[in-house]
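Each chain, letter by letter, is given below.
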Amino acid sequence: MAFNTLEPIKIDCPVCDIRSEHQFQFETGADYKGDETGRFCLRFYKVGDKLAWWPSSDARYPLWRQYTENGGDSAKEQIEMTCPNCRSSLIVSLAFESLYIIGVVDVRISVQAEPSRGAADE
Ligand SMILES: [Zn+2]
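Notes on the structure follow. Here the structure is a predicted model, which is why all the values come from computation and not from measurement.

Some details on the environment of L99
- Structurally, L99 is set in the loop between β9 (89-97) and β10 (100-109).
- Given 19 C-beta atoms within 10 Å, L99 falls into the partly exposed group.
- In this structure the C-alpha to C-alpha distance between L99 and R65, which are 34 residues apart in sequence, comes to 8.6 Å.
- For L99, the residues in contact, after removing those within four places along its chain, are G29, K50, L51, W53 and W64.

Focus: the sheet that holds strand β8 (residues 74-82)
- Strand order across the open sheet formed by three strands is β8-β9-β10, with antiparallel pairing between neighbours. Each having just a single partner strand, β8 and β10 make up the two edges of the open sheet. With strand direction ignored, the average angle separating the axes of adjacent strands in the sheet is 25°.
- Note: β9 against β10, eight bridges, orientation antiparallel. Residue pairing in the sheet places A95 in a bridge with G103 of β10.

Points about the nonpolar core
- A30, F40, L51, A52 and W64 form the largest nonpolar core, which has five residues in total.
- Residues in contact with L51, not counting those within four places in the same chain, are G29, Y45, W64 and L99.

Concerning the sheet that holds strand β1 (residues 4-6)
- The three strands are arranged β4-β1-β7 in an open sheet whose pairing can be described as mixed. Only two strands of the sheet have a single neighbouring strand rather than two, namely β4 (25-26) and β7 (44-45).
- Summarising the sheet, β1 and β4 pair through two bridges and their orientation is antiparallel. Considered in β4, the bridge of N4 is made with F26.

Thresholds, definitions, all that
Residues numbered from 1 in each chain as written. Predicted model: local features only at pLDDT ≥ 70, side-chain atom pairs only at ≥ 80, totals over all residues. Helix = DSSP H or I, 4+ residues; strand = E, 2+ residues; numbered from the N terminus. Buried ≥ 20, exposed ≤ 12 C-beta atoms within 10 Å, placed from the backbone. Contact = placed C-beta atoms within 7 Å. Pairing = 2+ DSSP bridges. Axes fitted to C-alpha atoms, helices over the stretch in contact; angles between N-to-C directions. Core = buried A, V, L, I, M, F, W, Y, C linked by C-beta atoms within 7 Å.

Written out as C-alpha cells, the structure is:
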C-alpha cells in the first residue's frame, strides 16, 4: 500500500496525559502513480501542507480519499499508535480537507485494548 509520512507532531495521551512526539504514515492521498513532480507516495508532509495529487479536473481526483471515512471533499484517516509512556493502544484521527492536511482532530483509546488491565492487578 502506498503511503506518505507526516513530520513528527506532539500527541497528548488521553490515558496518562503525557505528551510525546510521533511520526505517522498515512494512506490518504498516496498512490504509486504520480505526475512530473514524482510519485504521490513516500513524500514527507507537515500539517497545513497540500498533498501532491491530480487536479480536480482529472477523473482520478476523488481517489485521494478512497481509504478513509469521508464526506464531501474531506477525509479522516484512523491511525493506530502506542503511547511510549503507558503503552496504551490509541487511535488518532488525521483530518484532511480538499487535499490539505488539517491535522490530528481526535485521539482516543483503542476499543480492542480497553479492558483495564493494571488497575485490577494493583
Ligand atoms: Zn499514555
